[in-house]
Amino acid sequence: MTTESVRDVAAGRLQSADYLANFADLHAPMTPHEAIVEADRCYFCYDAPCMNACPTTIDIPLFIREIAAGNADGAAKTILSQNIMGGMCARVCPTETLCEEVCVRETAEGKPVRIGELQRYATDHLMERHTAHPFKRAAQTGKRVAVVGAGPAGMACAHRLARFGHDVTIFEARPKAGGLNEYGIAAYKTPGDFAQRELDFILEIGGITVKNETALGRDVTLEALSDEFDAIFLGMGLGGVNDLGLEGDDAEGCIDAVKYIADLRQAKDKAALSIGRRVVVIGGGMTAVDIAIQSRLLGAEDVTICYRRGREAMNASEYEQELAQTNGVTIRPHLMPKLLERGADGAITGIVLEYGEAGPDGKLVGTGETLALPADQVFKAIGQSPVTETLSNAGIELEAHRIKVSDEGRTSHPKIWAGGDCVRRDDDLTVVAVDHGQRAAQSIHAALSR
Amino acid sequence: MGMVDLSSDFCGIKSPNPFWLASAPPTDKAYNVERAFEAGWGGVVWKTLGSEGPPVVNVNGPRYGAIHGADRRLLGLNNIELITDRDLETNLREIAEVKKRWPDRAIVVSIMVPCEEEAWKAILPRVEETGADGIELNFGCPHGMSERGMGSAVGQVPEYIEMVTRWCKTYSSQPVIVKLTPNITDIRKPARAAKAGGADAVSLINTINSITSVNLDFFAPEPTIDGKGSHGGYCGPAVKPIALSMVSEIARDPDTRGLPISGIGGVTTWRDAAEFIALGCGSVQVCTAAMTYGFKIVQEMTAGLAEWMETKGYETLDNFMGLAVPNVTDWQYLNLNYVTKAHIDQDLCIKCGRCHIACEDTSHQAITSMVDGVRHFEVMNEECVGCNLCVEVCPVTDCITMEEMVEGTDPRTGKPIRHDYANWTTHPNNPAAMEAAE
């Protein structure tokens, strides 16, 4: 199908000052006064719901009490001892569905203690002022562990292993370490090159070597790693974005949102990025919200998220959905992609979607009614596909296209552990990946200590 | 609110409401006092005057220290300021001028001169000439002046109190209020001495010896003056319980019962004032609340007191003055047959768990934390001694209440609820009671 409309995709839609303002910090950091006032609101609950809601079980009441008592660095140590990426998690955690959702102040007043911002205050305080890394390594054990992937799971695992005295080598496929912290998270959530600063902070522990541009299956094999190292942790995340399964999936203007965000994160000058005047995003998770908002921030005029089910089923939290809407993004639920419209040159000019509803068995069915939306770009944000060939060949059991692991992160291979997005467990959140990495490190340490 | 009359007649000193500013920095000059009257204060006690001659000097470093609650709410204030450091003549002239301009307001003049008859004989006529309504003898200031044999140094010796009070009654025709220091072991002794000396009233409490904090860089008390600190006088909301207790002791002492009392100590809202009046005070004096928020707070105080009196049907202060005095008693007379149990309103509970951990760690293990795998806080009556700790640590007003058991059996003791009154004096576990029974 072709249409007559003229595609409008352009770079440099805004003045340079606008780019700086648009991609500045989402929340300004708390001032010391704000932090003290907010910390005073914490009730220091017993068996605190916030702490139980945190995937890394940070002792939230304790660190907030430490802030209130004028010991921000002590607060940071309380945080980092449970979650070495406490700084990044403070920026990217969907706190509104984790710690802050269950805060008793939410129950009492509808206004939770701003735990995420307080966590950022404490971790920033320490990271900006510390002279020595807050953790010491145990005596070296002589054991060597290979970590595949320098994302949150891999880095957290490596840090914990290094603390135990093991030596760690990290193999990272990309030019820079950091994983989704560096390539995936929305730019306005982690400005000021925070991902790399946090990475440097983590590496201060010592005993960790990072080999960038070294991909599993391309540059190293699991067999070789298995021979050389005492244990292996796999934390390589997921592969490319899933296709829509429509003709034109690879057409000009039909774009992998994860890849686009990676380019955006790496772009020194945001004005160099081409963005459509009219953008449609397909998906309902954080990636969909991130690409939609950032499209607006790059100057797209009309941005619509289309999601196949109802808004309540979206993986993006209510807060994230509201953030999208305040940034001028339209969210349209119950719409399933049906047809990609292309111009004479084959490039995307629009998308036709079919209204959907839950059938008698709960499965989604089309109503037959359709909606055509003109679009200069269609972003695909409907989940990432795992790269699993090399793994199943190495005898690692999979489950629903991801690696099957035990609670402590063990795979079916006795020397291999795994965590983060590549495993079949929990939500795909930074904080969950950190938890996986740290748990696996405990388990590896126990195994190596036998 | 037409029904309610807030006016006060305190040992002959009349004011349109019972709220006076205490003798302190807010009442040191005509400028401040007139601002206070404009704001609605019923009276002031002018900041303490000293003898004729060169005035005292204050430190030029910090004079105040404080204790803060959440959000830096000021709970306790400490000061090391002395009596007025302005010339006596200036103060006397301003007092006369202000009294002339504000005839309906009470102006009481605080005085502190050496413990010699001549010194008092000299200053009293000068004060009387101003037209002020009365005098208050500062026997309470615990810092600086006490080192020179004045202030609390006099207030700690009942014989001196009686002697000086008698001089004042001899050389002045004005009402004499004796201001008492709390830095003693038994507040009834100085009160009795004041009465014996002919005092028309007492006022209390003056400030309490205090060091609010220690500077951990200089290792010196705050406020720190060039590396050193000295104890100051403590006041503000934190001292109100101490003041209420001392006021009640004087109000119920057979020797001083009926002696007018001006209540001082942490009065911050109308409710605090009502409590002091219920314990027998005829007026209240305020300082810290004004120093924290400014003079406007009196508007809340007068409106709140009038509103509450209207609700209760009290037309004048006399209607409820002293009503709480008969209910202040000794522990030994408390009814041991009165049984209460804490009750948690599950609809109001926000599940912070503080009641549980307070009870579990520090008291009687009487509150659940988990029921059927769910966080749930509920009182176990078979363990609850009715201590009230959970009520006090709960962040939600009225979520936990103490409920009286009116019938049945106390599941903790297994004893039936009794409706008669029994106290420690007759309890079998009391050795003295057993002796009496033998």
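Rules used in this analysis
Residues numbered from 1 in each chain as written. Chains lettered and ligands numbered in written order. Predicted model: local features only at pLDDT ≥ 70, side-chain atom pairs only at ≥ 80, totals over all residues. Heavy atoms only, no water. Helix = DSSP H or I, 4+ residues; strand = E, 2+ residues; numbered from the N terminus. Rg over C-alpha atoms; globule rule 2.2 N^0.38 Å. Buried < 20%, exposed > 50% of the residue type's maximum accessible area, 1.4 Å probe, protein only. Contact = heavy atoms within 4.5 Å. Lys, Arg positive; Asp, Glu negative; His and termini not counted. Charge placed at Lys NZ, Arg CZ, Asp CG, Glu CD. pLDDT = per-residue confidence, 0-100. Axes fitted to C-alpha atoms, helices over the stretch in contact; angles between N-to-C directions. Parallel < 35°, antiparallel > 145°, perpendicular 65-115°, else oblique. Left-handed = near helix turned anticlockwise from the far one by under 90°. Expected span 1.5 Å × (residues − 1). Arc of directions from axis to C-beta. Phe/Tyr/Trp six-rings, centres within 6.5 Å; stacked < 30°, edge-to-face > 60°. Lys NZ or Arg CZ within 6 Å of the ring centre and 35° of its normal. Salt bridge = Lys/Arg side-chain N within 4 Å of Asp/Glu carboxyl O. Buried area = accessible area lost by both parts, 1.4 Å probe. Polar contact = N/O pair within 3.5 Å; in protein donor to acceptor, adjacent residues only side chain to side chain.

Draft legend 1. Inspection of the overall build of chain A at higher detail. For chain A, the helix and strand inventory stands at 17 helices and 17 strands. The C-alpha atoms of chain A give a radius of gyration of 23 Å, which matches the 22 Å a tight globule of 450 residues would have. A total of 450 residues make up chain A; the buried ones form 53% of that total. Within chain A, contacts between residues separated by at least 24 positions form 71% of all contacts whose residues are at least 6 apart in sequence. Each charge class in chain A was averaged separately, 46 positive and 64 negative side chains, and the resulting centres sit 4 Å apart.

Draft legend 2. Fine view of the confidence of the model for chain B. In this model, chain B carries a mean pLDDT of 96, and residues with pLDDT of at least 70 account for 98%. Our summary of model confidence lists the complex with pTM equal to 0.91 and ipTM equal to 0.88.

Draft legend 3. Representation of the packing of helix α13 (residues 257-266) of chain A against helix α14 (residues 286-297) of chain A in the model. Residues and elements named next belong to chain A. Relative orientation of the contacting elements α13 and α14 amounts to 50 degrees, with a least axis distance of 10 Å. In this view, α13 runs oblique relative to α14, as classed from their interaxial angle. As α13 runs across α14, the sense of the crossing is left-handed. For the pair α13 and α14, the contacting residues are A257, V258, Y260, I261 and L264 in the first and T287, D290, I291 and Q294 in the second.

Draft legend 4. Spotlight on helix α3 (residues 117-129) of chain B. All names here are of chain B. Here α3 is 13 residues long and its end C-alpha atoms lie 19 Å apart, about the 18 Å a rise of 1.5 Å per residue gives. Taken together, the buried positions of α3 are A119, W120, I123, L124 and V127. The buried residues of α3 occupy an angular sector of 115 degrees when the element is viewed end-on, so they sit on one face. Along α3, the residues that are exposed and aim more than 90 degrees away from the buried face are E118 and E129. The positive-phi residue at the C-terminal boundary of α3 is G131, with phi of around 85 degrees.

Draft legend 5. Spotlight on the packing of aromatic side chains. For the structure shown, the criterion picks out nine aromatic pairs over all chains. Their ring planes at 75 degrees and their centres at 6.5 Å tell us that W120 of chain B and F139 of chain B sit as a pair that is edge-to-face. Here W120 of chain B is found in helix α3, whereas its partner F139 of chain B is found in the loop between β8 (134-138) and α4 (152-155), with 19 residues between them in sequence. The pair formed by W120 of chain B and F139 of chain B is uniform in burial state, with each residue classed as buried. In textbook terms, an aromatic cluster arises when at least three aromatic residues are bridged by ring pairs, as seen for W270, W308, Y314 and F320 of chain B. Positioned above the aromatic ring of F44 of chain A, the side-chain terminus of R65 of chain A is 5.0 Å from the ring centre. We note R91 of chain A situated over the ring of F194 of chain A; from NZ or CZ to the ring centre the distance is 3.6 Å.

Draft legend 6. Inspection of the pattern of salt bridges at higher detail. Across all of its chains, the model carries 51 salt bridges over all chains by this definition. Salt-bridge contacts for D124 of chain A lead to R120 of chain A; the nearest nitrogen and oxygen are separated by 3.1 Å. Residue D124 of chain A and its partner R120 of chain A are both found in helix α8 (residues 115-129); the two are separated by four residues, about one turn of the helix. One salt bridge connects D330 of chain B with R252 of chain B, and the closest N-O pair in it is separated by 2.8 Å. Of this pair, D330 of chain B sits in the loop between α10 (297-312) and β17 (340-344) while R252 of chain B sits in helix α7 (residues 240-252), and the two are 78 residues apart along the sequence. Overall, the relative accessible area of 31% leaves D330 of chain B in the partly exposed class. Judged by relative accessible area, R252 of chain B falls into the partly exposed class, the value being 22%.

Draft legend 7. Layout of the interface of chain A and chain B. Each partner contributes to the interface: chain A provides 12 residues, whereas chain B provides 15 residues. Taking both partners together, chain A and chain B bury about 1,000 Å²; carbon and sulfur atoms supply 61% of that area. Sorting the residues of chain A by area buried against chain B places D40, Y43 and Y46 of chain A first, and these three jointly supply 56% of that buried surface. Connecting chain A to chain B are one salt bridge. Of the charged contacts in the structure, one is a salt bridge between D47 of chain A and R375 of chain B, with a shortest N-O distance of 3.5 Å. Where chain A packs against chain B, one counts five residue pairs in polar contact (both at pLDDT 80 or more).

Draft legend 8. Here's a closer look at the environment of F19 of chain B. All names here are of chain B. Positionally, F19 belongs in strand β3 (residues 19-21). When its relative accessible area of 0% is taken as the criterion, F19 is described as buried. In this structure, the C-alpha to C-alpha distance between F19 and W41, residues 22 residues apart in sequence, is 5.9 Å. When neighbours within four sequence positions are excluded, F19 is seen to be in contact with W41, G42, G43, A273, V284, V298, M301, T302 and L305.

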